[in-house]
Amino acid sequence: MSAITDTGPVPATRDERGEPVKKRRERGGIWLTLLAWVVGILFVLPVVWMVLTSFHSEADAATNPPAVFAPLTIEGYREFFTGGASPWPPLLNSLTASIVSTVLVLLLAIPAAYALSIKPVKKWTDVLFFFLSTKMLPVVAGLLPIYLFAQYAGLLDNIWLLIIFYTSMNLPIAVWMMRSFLAEVPVEMLEAASMDGAGLIKTLRSVIAPVVMPGIAATALICFIFSWNELLFARVLTATVAQTAPVFLTSFVTSQGLFLAQLCAAAFVVSLPVLVAGFAAQDKLVQGLSLGSVK
Amino acid sequence: MTSVAEQTRVGAAGPEPAGAARRASNWARRAPLMPALIFMIVVTQLPFLATLVISFMDWNAYYPDERGFAGFDNFVRVFTDVNMRDAVWTTILLTAGVVLLSLLLGLGIALLLDRKFAGRGAVRTMMIAPFLVVPVAAALLWKHALYNPEYGLFNGVLTWIWGIFGADPPQPDWISIMPLWSIIFALVWQWTPFMMLILLAGLQSRPIDVIEAARIDGANNWQIFRSMTLPHLRQYLELAALLGSIYIVQTFDHVFTITSGGLGTANLPYLVYTIFYNAHDYGRASAAAVVVVIGTIIIATFALRTVSSLFREETGR
């Protein structure tokens, strides 16, 4: 919006004469650059505030006006890790659920994407859109039957149930992403390989793999993020044993008094894997989030 | 590029061999697809069918003996329930508010980031950060570290600013004053990066030479934006809005954390969750879920159409 209003006032006289136009554009440019920086800083500020507060003492964290330059301490982190219930089991549960489900997703999605791009089945677009349509079904609609099934099968509070659910949650995203990456494999290379008499394994290894490896990595990171973030199902389907980190975060808050530094430390620790994975996948993030339809 | 590649690939099947051989080759093609397809049907379609069946049943976990067929009773109860009607309205407000605000902000920021300037990469990275905070953590952060009336950052900043003039700062209790908007703002903060990324990708796929030509012909920035950039961006705007709606309609974490559904902020997913988790009324929860699904299908139909038009453009079909 601001970009429009900033460039709007520049009058129509900017045509024909080259120089004044350029100068004007540059002067406006400084303001636009400044604006971009201000907006960027405003958006990152809550994250910075979270990290800063997590390194303050509880007394300094709960001051008004905020004590920005208060001395730094790791008290909040020590309290989080050793104070009450240990966060390690939930963190490990989240790690297990996210990593195992991501591996399962890739094992299922890569062959499926292959059958939808390189050697496509008939009606492959219909299949592709079936996968997408499952993503649009609100998860809350499946919650009750899955809960009842888990209760019946004795799978409540079992991490495998979450793993299966997270696999189904991310599989459509992964199929779409992997299909768009596999479609980038140049058809000439495939033809050349088959003329050289290369078998399936050799083609996969020496022609396809090098092209799609970055894509597989990005897909994995995005699936990891979505599994790690999930709260609703984890809350309903787990209790003490299989509790994940987001569930731990919600229960941890209600039982504490003066806790802001500790809360920020907890929020930061739980977010850290996602921040790392997200920045690692930064370039492919759009492609993943738009299910491969935007590059 | 891709369009040619795709077509040759489909054509590469070549002359179809006859009978059993063809069937065998068809199955060889289908084989890698089957595990994923079967898995998805079992894990996502069966539960939904079960929900549909349960929505026509009398089933409350507190009264296990009274289980039976209920006809449309659950649906009648769902549609006559004031909470449900409020939740529908809340869901619409929440989704529309977050999608529109984050789309507008995202568009503005994408336009800002479309130019080359010192530190563009750094600003882009800063912009992505909100999206990479775990949603529950983000909701907790906004509730306790930002909105808190006593020591939250917002009121802290007010104290600062008013302190400069030596005045008494206003210290509003943000969440009680504007419960729904506190959720909306926290969500807008998280979703603006998503919108921005898609729109930025759209902006960067503009044909530069055409725009340069228009500029040489004397079109000003506003004219270029209105008659060239915006039409080109249209499908990206649609895609961002629809994908955003699909995710945001399902918002649970923020409602659960910031207000626990109180003060008129219970949206449909949260309501279904409480009917199921607290009231253990399985029949009614399922009926509510079915209503949510029908609502989503309406949005999803548009979303699928947009994605498939983008998709067709990409693959040249």
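Residues numbered from 1 in each chain as written. Chains lettered and ligands numbered in written order. Predicted model: local features only at pLDDT ≥ 70, side-chain atom pairs only at ≥ 80, totals over all residues.

*Asks:* Sorry, what's going on with the overall build of chain B here?
*Replies:* When its secondary structure is counted, chain B shows 15 helices and 2 strands. Its C-alpha radius of gyration of 26 Å places chain B more than 25% over the 20 Å reference for a compact globule of 317 residues. Considering only C-alpha atoms, chain B reaches an extent of 85 × 75 × 30 Å along its principal axes. For chain B, with 317 residues in total, the buried portion stands at 42%. Taking the contacts inside chain B whose residues are at least 6 apart along the sequence as the reference set, 72% of them involve residues at least 24 apart. (Helix = DSSP H or I, 4+ residues; strand = E, 2+ residues; numbered from the N terminus. Rg over C-alpha atoms; globule rule 2.2 N^0.38 Å. Buried ≥ 20, exposed ≤ 12 C-beta atoms within 10 Å, placed from the backbone. Contact = placed C-beta atoms within 7 Å.)

*Asks:* How should I be thinking about the overall build of chain A in this particular structure?
*Replies:* Looking only at helices and strands, one finds 14 helices and 0 strands in chain A. Along the chain direction, N to C, the helices and strands of chain A fall in the order α-α-α-α-α-α-α-α-α-α-α-α-α-α. Within chain A, buried positions represent 48% of all 295 residues. Residue pairs at least 24 apart in sequence account for 76% of intrachain contacts in chain A once pairs closer than 6 positions are excluded.

*Asks:* How should I be thinking about the interface of chain B and chain A in this particular structure?
*Replies:* Put simply, an interface is often sized by how much accessible area is lost when its parts join up. Facing the 97 residues of chain B at the interface are 93 residues of chain A. Of all the elements, helix α15 (residues 282-315) of chain B adds the most residues to the side of chain B that touches chain A, at 14 residues. Partitioned by chemical class, the residues of the side of chain B that touches chain A number 69 nonpolar, 21 polar and 7 charged. (Nonpolar A, V, L, I, M, F, W, Y, C, P; charged D, E, K, R; others polar.)

*Asks:* Before we go on, may I ask you to explain the nonpolar core in this structure?
*Replies:* Counting 183 residues, the largest nonpolar core has Ala-109, Leu-162 and Ala-267 of chain A together with Ile-198, Val-272 and Ala-288 of chain B as the members making the most contacts within it. No other element matches the 17 residues that helix α8 (residues 159-182) of chain A contributes to this core. The residues contacting Leu-162 of chain A, other than those within four sequence positions of it, are Ala-97, Phe-233, Ala-234, Leu-237, Thr-238 and Ala-242 of chain A. (Core = buried A, V, L, I, M, F, W, Y, C linked by C-beta atoms within 7 Å.)

*Asks:* Help me out: how do you make sense of unusual backbone geometry in this one?
*Replies:* Across the chain, the bulk of peptide bonds are trans and the bulk of non-glycine residues have phi less than zero. Residue and element names in this part refer to chain B. Backbone geometry places Ser-260, a non-glycine residue, at a positive phi of 50°. For Ser-260, the location among the structural elements is in the loop between α13 (253-259) and α14 (268-277). The exposure class of Ser-260 is exposed, given the 12 C-beta atoms found within 10 Å. Phi angles above zero are rare outside glycine, and Leu-263 is one such case at about 55°. Topologically, Leu-263 is positioned in the loop between α13 and α14. Overall, Leu-263 belongs to the partly exposed group, with 16 C-beta atoms counted inside 10 Å.

*Asks:* For this particular structure, what's the right way to read the environment of Ala-174 of chain A?
*Replies:* Residue and element names in this part refer to chain A. Within the secondary structure, Ala-174 is located in helix α8. Between the alpha carbons of Ala-174 and Ala-113 there is a distance of 8.5 Å; along the sequence they are 61 residues apart. Residues in contact with Ala-174, not counting those within four places in the same chain, are Val-105, Leu-106, Ala-109, Thr-219 and Cys-223.

*Asks:* Please explain the environment of Ala-300 of chain B as it appears in this structure.
*Replies:* Examined against the element boundaries, Ala-300 of chain B turns out to sit in helix α15. For Ala-300 of chain B, the residues in contact, after removing those within four places along its chain, are Ser-133 and Met-136 of chain A together with Ile-246 of chain B.

*Asks:* I'm lost on helix α6 (residues 124-136) of chain A in this one. Help?
*Replies:* Along an α-helix, a turn takes 3.6 residues, which lines up residues three or four apart on a common side. In this model, α6 of chain A (13 residues) spans 19 Å end to end at C-alpha, consistent with the 18 Å of a helix rising 1.5 Å per residue. Of the residues making up α6 of chain A, those classed as buried are Val-127, Leu-128, Phe-131, Leu-132, Lys-135 and Met-136 of chain A. (Expected span 1.5 Å × (residues − 1).)

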